[in-house]
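Each chain is listed here by its residues.
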Amino acid sequence: MRWTYLIPRVLIVAMVWAFFAFGMDPLLRYSAIQSLQSATGARVDIAGVRTKFFPPTMTIQNVALASARRPGKNLVQFDEMHFSLEPSSLSHRRFVVEDGHLTGVRFDTDRTDD
């Protein structure tokens, strides 16, 4: 067995696994914050994002969207959004939500920062 053949491939597989295990959720959280801030023009807080691949699910926790027109207020705030995607549609580049729920939705709440 040639070690010069095996070691680079094992390292590549380990790096890909490490990205999916440790880097994907923070990257999705950062992307969601940047996209929502760009769309609303106000601050967005997201506490955490968790994903699973089998079955494909996503959970977003403790989201607060600030109001751009009223400092010190949130437009909407919720505790958790959880949704499951249809696996067969992902292979066709479509995102079809099979099941989803939103818990702890509150409107026009106070913020601690402006």
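All of the points below concern the structure found in this document. Every value quoted in this text rests on a predicted model; they were computed, and no experiment measured them.

Rules used throughout
Residues numbered from 1 in each chain as written. Predicted model: local features only at pLDDT ≥ 70, side-chain atom pairs only at ≥ 80, totals over all residues. Heavy atoms only, no water. Helix = DSSP H or I, 4+ residues; strand = E, 2+ residues; numbered from the N terminus. Rg over C-alpha atoms; globule rule 2.2 N^0.38 Å. Buried < 20%, exposed > 50% of the residue type's maximum accessible area, 1.4 Å probe, protein only. Contact = heavy atoms within 4.5 Å. Pairing = 2+ DSSP bridges.

### Description of the overall build of the protein
Within the protein one finds two helices and five strands. The order of helices and strands in the protein, counted from the N terminus, is α-β-β-β-α-β-β. The C-alpha radius of gyration of the protein comes to 19 Å, more than 25% above the 13 Å expected for a compact globule of 114 residues. In terms of principal-axis extent, the alpha carbons of the protein reach across some 65 × 30 × 20 Å. Put simply, the protein has 114 residues, and 25% of those count as buried. In the protein, the share of contacts with a sequence separation of at least 24, taken over all contacts with a separation of at least 6, comes to 40%.

### Let's talk about unusual backbone geometry
Following F54, the chain continues into P55 via a peptide bond in cis, with omega recorded as -10 degrees. Tracing the chain through its elements places P55 in the loop between β1 (44–52) and β2 (57–66). In this structure, N62 takes a positive phi of about 50 degrees despite not being glycine. Among the secondary structure elements, N62 is positioned in strand β2. A positive phi is found at D108, a non-glycine position, where the angle reads about 55 degrees. Position of D108 relative to the elements: it lies in the segment after β5 (106–107). By relative accessible area, which is 40% here, D108 ends up partly exposed.

### Quick look at the pairing of β1
The pairing of β1 with β2 spans eight bridges and is classified as antiparallel. Bridge assignment links V49 to a residue of β2, and that residue is I60. In textbook terms, the turn of a hairpin is the stretch between consecutive antiparallel strands, and for β1 and β2 this stretch comprises four residues.

### Quick word on the pairing of β2
The side chains of a regular strand alternate, residue by residue, between the two faces of the sheet. Taking burial as the measure, the ten residues of β2 include eight buried ones, the bulk of the element. Pairing of β2 with strand β3 (residues 74–85) involves nine bridges; the strand directions are antiparallel. What sits directly across from M58, in β3, is F83.

All we've got here are geometric facts, nothing functional implied.
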